[in-house]
Amino acid sequence: FYGLTPFVWGNQYLGYLELYHRATEHLDLQLVTSRDGEHWIRPARREPFLTRGPDGAWDETWVAFTSNPPIVRDDEMWLYYDGRTGGHQTDRRRGAIGLATARRDRFAGLTAGIQEGEALTERLIVGAPRLLLNLNARCGEVVVAVYDEEGDPIEGYGRDDCSAVSGDQVDAEITWNGMNLEPLEGRELYLRLWIRYGTLYAYRFDS
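So, here's what we can say about the structure.

Reading guide: rules and limits
Residues numbered from 1 in each chain as written. Predicted model: local features only at pLDDT ≥ 70, side-chain atom pairs only at ≥ 80, totals over all residues. Heavy atoms only, no water. Helix = DSSP H or I, 4+ residues; strand = E, 2+ residues; numbered from the N terminus. Buried < 20%, exposed > 50% of the residue type's maximum accessible area, 1.4 Å probe, protein only. Contact = heavy atoms within 4.5 Å. Pairing = 2+ DSSP bridges. Phe/Tyr/Trp six-rings, centres within 6.5 Å; stacked < 30°, edge-to-face > 60°. Lys NZ or Arg CZ within 6 Å of the ring centre and 35° of its normal. Disulfide = S-S within 2.5 Å. Core = buried A, V, L, I, M, F, W, Y, C linked by side-chain atoms within 4.5 Å.

Describing the side chain of arginine 104
Working step 1: Topologically, arginine 104 is positioned in the loop between strand E8 (95-103) and strand E9 (110-112).
Working step 2: The class for arginine 104 is buried, based on a relative accessible area of 12%.
Working step 3: Setting aside residues no more than four positions away along its own chain, arginine 104 makes contact with Val72, Asp74, Asp75, Glu76, Met77, Asn134, Val170, Asp171 and Arg204.

This is the structure in structure tokens:
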């Protein structure tokens, strides 16, 4: 582990963990996450979050993000990084600055195909009336049900009451028979989500 750039994002810490391979002097990045800033996990099966460039490219040996969180512009994230053509033990080392882009909040996601996927959130407080999903389900859909603090379904907020959302959206609003979460605002609840032919990246509450 060569370095770590942590930052607060939403209700957690995210970070870019630099992986240094001694034999080749290659350096690439993995995504890490933490709830307390001390205990970290690598959620994406330890796959590179930002890969090195191909042989002969300006970033063929080394990639590392600058020490700051992404810059958000509208619905896009800008991630500046530095790359190098060589490691420590070479005279042909040359560096430059690059820019990687991604849609907002799309660090990692839960993906399901023909077999429907299901996810249950931790217990959370409904902080605003509108529930917005960040998803890419152009050929599928995502639906949501709401459960109370004891884990029991709330009448009127079941799966069959939910209007499914689809498409490639960063703020797809979920409603139940035309209702939002205003009657439940301030309560501790669970969300159960079903995903088919798509990827769910994030959710948030908004007014």
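Details of unusual backbone geometry
Comment: phi is negative for the bulk of residues other than glycine, and the bulk of peptide bonds are trans.
Working step 1: Notably, arginine 45 is not glycine yet its phi reads approximately 55 degrees, a positive angle.
Working step 2: For arginine 45, the location among the structural elements is in the loop between strand E3 (26-34) and strand E4 (48-50).
Working step 3: In this model, tyrosine 197 sits at a positive phi of 50 degrees, which is unusual for a non-glycine residue.
Working step 4: Considering the arrangement of structural elements, one finds tyrosine 197 in the loop between strand E14 (188-196) and strand E15 (198-206).
Working step 5: The exposure class of tyrosine 197 is partly exposed, given its relative accessible area of 40%.

Some words on the pairing of strand E12 (residues 130-147)
Working step 1: Most of E12 is tucked away, with 13 of its 18 residues classed as buried.
Working step 2: Bridge count between E12 and E15: seven bridges; the pairing is antiparallel. Directly across from arginine 130, in E15, lies its bridge partner aspartate 206.
Working step 3: Sheet topology note: the E12/strand E13 (residues 165-174) ladder contains seven bridges and is antiparallel.

Thoughts on the packing of aromatic side chains
Working step 1: Throughout the structure, instances matching the rule amount to 15 aromatic pairs.
Working step 2: Ring centres of tyrosine 16 and phenylalanine 65 lie 4.2 Å apart, and the angle between their planes is 45 degrees; this geometry places the pair in the tilted category. Separated by 49 residues along the polypeptide, tyrosine 16 in strand E2 (residues 12-21) and phenylalanine 65 in strand E5 (residues 62-65) bring together distant segments of the chain.
Working step 3: Taking 6.3 Å as the distance between ring centres and 45 degrees as the angle between the ring planes, the aromatic pair formed by tyrosine 20 and tryptophan 62 counts as tilted. Residue tyrosine 20 is located in strand E2, and its partner tryptophan 62 is located in strand E5; the two are separated by 42 residues in the primary sequence.
Working step 4: Look at tyrosine 20 and you get partly exposed, because its relative accessible area is 22%.
Working step 5: Look at tryptophan 62 and you get buried, because its relative accessible area is 4%.
Working step 6: The cationic tip of arginine 84 hangs over the ring face of tryptophan 62; the distance from NZ or CZ to the ring centre is 4.5 Å.

Looking at the state of the cysteines
Working step 1: By the definition in use, this model includes zero disulfides.
Working step 2: With no disulfide partner, cysteine 162 has as its closest neighbouring cysteine sulfur the one in cysteine 139, 19 Å distant.

Some words on the nonpolar core
Working step 1: By size, the foremost hydrophobic cluster in this structure holds 28 residues, and its most contacted members are Leu133, Val146 and Trp176.
Working step 2: Within the residue set of this core, elements represented by two or more residues are E12, E13 and E14.
Working step 3: With ten residues, the single largest contributor to this core is E12.
Working step 4: Those residues in contact with valine 146 that sit more than four places away from it in its chain are Asp152, Pro153, Ile154, Tyr157, Trp176, Leu181, Leu184, Leu189, Tyr190 and Leu191.
Working step 5: Counting residues in each nonpolar core, the second largest holds 14 residues, with Phe7, Trp9, Tyr16 and Ala100 among its members.

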